[in-house]
Amino acid sequence: MPGPDSGAGESTDGVPMSWDFSTEPEFAAKLDWAREFVRDEIYPLEVLDLDHAEFRRLAAPLQQRVKEQGLWAAHLGPELGGQGYGQLRLGLLHEILGTSELAPFAFGCQAPDSGNIELLALAGTPEQKARWMRPLLDGEVLSAFSMTEQGTGSDPRQFTTTARLVDGQWVLNGGKWFVGNASRADFHIVMAVTEPDAPARARMSMLIVPTDAEGIETREIGLMNDPDHKHPVWSHCEVSYRDVRVPAENLLGDRGEAFTLAQKRLGPGRIHHCMRWIGVCRRAFDMLCERAVSIDVHGGPLADKQTVQNWVADCAAAIESARLLTLHAAWKIDQVGASAARTEIAMIKYHGAAVLHDVIDKAVQVHGSLGFSTDMPLEQMYRWARAARIYDGPDEVHRVSVARRLLREYSPTPTPSEHVPTRRASALERFREQLDVAAVLR
Ligand SMILES: Cc1cc2nc3c(=O)[nH]c(=O)nc-3n(C[C@H](O)[C@H](O)[C@H](O)COP(=O)(O)OP(=O)(O)OC[C@H]3O[C@@H](n4cnc5c(N)ncnc54)[C@H](O)[C@@H]3O)c2cc1C
């Protein structure tokens, strides 16, 4: 039989709903300010080929202006200096920040620092908060989240990096892969097996590891969008930890709690990612439309060709659907928490990544060779968009989890519930009397 109402068509799960797609004027004004600021102050930095140090120097006064507007680290609650906006409003802000890869840094919400601050806020001791979280929050230091191991990233149960408690110190051994900003960070939050005999989800713990500890080696990896690792904001690294010693008090959260904490870190983070992708889509879409109305081919504007019109119409619908899906997931997190919104969060991950890729692809196509060249930002957007299908868990893993959860609402049946002859027999039985009466009347 088909499952209960909470199946594929209903994502509210009993949450009372009031539909309102408007934004309060006060917050809309903040969004207007952010939109103008990103366009006027941050877009110009994109084309200066800045290295990391130069970018940080130029970003510092911008960060100050963001702080003055009360938009710094907006993902945090008021107790940490954020605004406690909730995921829905944050989503709208991230849509604007996503239009430039450099913007989240100026707003104090760039990955992985934003997620690490949330982790420290969630699980840190008062000492850990003062020593590691506060400077991160103030933008004085950088951090890395060191979780993935090569070839097993999608299945954390296979991670082998270990930490053993020896004479009051954790001794860390193992290798991590694709760790964002590991070479630039002041500390890493590392996931390591500390309870080898525990059930799969309780084997790992999180440790705070300062990058000046003995035994850490870091190699920067070239990426499809950054082959020479010159990106002004991020590096991505292979990291080896050999007999790295940190004090026992550098354990973050409880022993065996890493898996649970990582899930909490990733849920709302996906809303921010997806809304940033919508921002990228909008910028690519604007380029697509501008080009379509700007050039003539074979006797008329490109915009008059039906193929291009189809792309414009399809891209607009795809962007809007991904946006609404993401905002709905954000709303649900605000209403009932990230755990109850797992299906929606997973859905936006693979749907958003696909829309991102397709919209940029069409924008490149409409620009022809110009779109393929570095004279337009599209080729860079296209290469970076490819990563969206892999990071934050590959799309396939999210699809599996959505499908599993939805299928759980259904049970096997020897005859399909909608089988017409069976339904007809049942309906005849139920309405026999009325039908007989009708026959008499006829
Ligand atoms: C740009 C970028 C930034 C990143 N930043 C960080 C970071 O800061 N810290 C960090 O720790 N990690 C980071 N990662 C790593 C990221 O988390 C992993 O790449 C991701 O979890 C996938 O793991 P993997 O690359 O080892 O893929 P693998 O586990 O090797 O999987 C390979 C492929 O197998 C397929 N697959 C896997 N599982 C399934 C399944 N259940 N069903 C069907 N197909 C499946 C998928 O197609 C997948 O792409 C980053 C990655 C990228 C690309």
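Residues numbered from 1 in each chain as written. Predicted model: local features only at pLDDT ≥ 70, side-chain atom pairs only at ≥ 80, totals over all residues.

### Quick notes on the overall build of the protein
Worth spelling out the cut-off: Every helix listed is a DSSP run of H or I at least four residues long, and every strand listed is a run of E at least two residues long, numbered separately from the N terminus. Exposure criterion: with C-beta atoms placed from backbone coordinates, a residue whose C-beta has 20 or more other C-beta atoms within 10 Å is buried, one with 12 or fewer is exposed, and one in between is partly exposed. Any pair of residues counts as being in contact when their C-beta atoms, constructed from backbone geometry, are within 7 Å of one another.
Looking only at helices and strands, the protein has 14 helices and 10 strands in total. Overall, the C-alpha framework of the protein stretches about 95 × 70 × 40 Å when taken along its three principal axes. Burial statistics for the protein: of 442 residues in total, 38% are counted as buried. Looking at the protein alone, contacts between residues at least 24 apart form 73% of all its contacts between residues at least 6 apart.

### Quick look at the UniProt feature "domain: Acyl-CoA oxidase/dehydrogenase middle" (unreviewed entry) in the protein
Going by this rule: UniProt positions are given in the numbering used here, feature names are shortened, and annotations may be inferred rather than shown by experiment.
UniProt marks residues 144-221 with the feature "domain: Acyl-CoA oxidase/dehydrogenase middle" (unreviewed entry), using the numbering shown here. Measuring from the first to the last C-alpha atom of residues 144-221 gives 15 Å, for a span that is 0% helix and 50% strand.

### Some remarks on the site of the ligand
Defined as follows: In this analysis, residues qualify as near a molecule or strand once their C-beta atom, positioned from backbone atoms, comes within 6 Å of it. An automatic or database domain assignment is the source of the domain bounds shown.
Among the 21 residues in the neighbourhood of the ligand, the closest are listed as M147, T148, G153, G180 and E396. For the shell around the ligand, the elements supplying multiple residues, two or more each, are β1 (143-146), β3 (169-180) and α12 (395-407). Shared between two domains, the shell around the ligand holds at least three residues of each, these being domain 2 (143-252) and domain 3 (260-407).

### Focus: the packing of helix α9 (residues 342-367) against α12
Rule in force here: A fitted line through C-alpha atoms serves as each axis, taken over the contacting stretch for helices, and the angle formed by two N-to-C directions is quoted from 0 to 180°. Should an angle fall under 35 degrees it is called roughly parallel, over 145 degrees roughly antiparallel, and 65 to 115 degrees roughly perpendicular, with every other angle called oblique. Left-handed describes a crossing in which the near helix is turned anticlockwise from the far one by less than a right angle; the clockwise case is right-handed. For this classification, Asp, Glu, Lys and Arg are treated as charged, while Ala, Val, Leu, Ile, Met, Phe, Trp, Tyr, Cys and Pro are nonpolar and the rest, including Gly, are polar.
Put simply, α9 and α12 touch, their axes get as near as 9 Å, and they point 140° apart. Classed by the angle they form, the pair α9 and α12 counts as oblique. As α9 packs across α12, the resulting crossing turns out to be left-handed. Note on element contacts: α12 touches α9 through D395, H398, R399, S401, V402 and R405, opposite T343, A346, M347, K349, Y350 and A353. For the contact of α9 with α12, the class distribution of residues is 5 nonpolar, 3 polar and 4 charged.

### As for the pairing of strand β5 (residues 204-210)
Consecutive side chains of a regular strand alternate in pointing toward one face of the sheet and then the other. Put simply, the test is: A strand pair is defined by DSSP finding two or more bridges across the two strands.
When you tally the buried positions in β5, you get 6 out of 7 residues, the bulk of the element. As judged from the 7 bridges shared by strand β4 (residues 187-193) and β5, these two strands associate in the antiparallel manner. Pairing of V193 across the sheet is with M204, part of β5. Bridge count between β5 and strand β8 (residues 251-252): 2 bridges; the pairing is antiparallel. Across the sheet, the residue bridging to M206 is L252, located in β8.

### Some remarks on the UniProt feature "domain: Acyl-CoA dehydrogenase/oxidase C-terminal" (unreviewed entry) in the protein
The sites that UniProt annotates as "domain: Acyl-CoA dehydrogenase/oxidase C-terminal" (unreviewed entry) are residues 259-407. Note that residues 259-407 is 79% helix and 3% strand, and that its end C-alpha atoms are spaced 25 Å apart.

### A few points about unusual backbone geometry
Following A111, the chain continues into P112 via a peptide bond in cis, with omega recorded as 0°. Residue position: P112 is located in the loop between α4 (103-106) and α5 (113-123). One non-glycine residue, H229, lies in the positive phi region at around 35°. With respect to the helices and strands, H229 occurs in the loop between β6 (216-220) and β7 (236-247). Residue classification places H229 among the partly exposed residues on the basis of 16 C-beta atoms within 10 Å.

### A few points about the environment of I278
Topologically, I278 is positioned in helix α7 (residues 258-292). For I278, a count of 29 C-beta atoms within 10 Å puts it in the buried group. Note: C-alpha distance between I278 and A103 (175 residues apart in sequence) is 14 Å. With near-sequence residues (within four places) excluded, I278 lies in contact with E95, G98, I319, A322, R323 and T326.

### Side note on the nonpolar core
For clarity, the cut-off: The term nonpolar core means buried Ala, Val, Leu, Ile, Met, Phe, Trp, Tyr and Cys residues held together as one set by C-beta atoms within 7 Å.
In this structure, F107, L172 and L207 are the most contacted members of the largest nonpolar core, which totals 63 residues. Taken together, domain 1 (25-137) and domain 2 (143-252) each give at least three residues to this core, which thus spans both. Contact partners of L207, with chain neighbours within four places excluded, come to A163, W170, L172, V190, A192, V246, N250, L251 and L252. Counting residues in each nonpolar core, the second largest holds 45 residues, with I278, A292, C315 and M381 among its members.

### Remarks on the pairing of β3
Note that strand β2 (residues 162-166) and β3 share 5 bridges and pair antiparallel. Across the sheet, the residue bridging to T162 is N173, located in β3. With antiparallel pairing between neighbouring strands as the criterion, β2 and β3 make up a hairpin whose turn holds 2 residues, including D167 at a positive phi of roughly 50°. Taken together, the 9 bridges between β3 and β7 define a ladder with antiparallel strand orientation. Within β7, the position partnered with Q169 by the bridge is P247.

### Focus on the confidence of the model for the protein
Put simply, the rule reads: Scored between 0 and 100, pLDDT is the confidence that the predictor attaches to each residue.
Of the residues in the protein, 95% reach a pLDDT of 70 or more, and the chain-wide mean stands at 92. Low confidence marks residues 1-11, where pLDDT is under 50. Its contacts with residues over four positions away, or in another chain, come to 17 contacts.

### So, helix α3 (residues 87-97)
Most of α3 is tucked away: 10 of the 11 residues are buried. Close packing links the buried residues of α3 with α1 (25-46), α4, α7 and α8 (306-336).

### Some details on the packing of α3 against α8
At their nearest, the axes of α3 and α8 sit 7 Å apart, and the two run at 145° to each other. Along the contact surface, α3 presents Q87, L88 and G91, while α8 presents T326, L327, A330, W331, I333 and D334. Of the residues belonging to the contact of α3 with α8, the class tally is 5 nonpolar, 3 polar and 1 charged.

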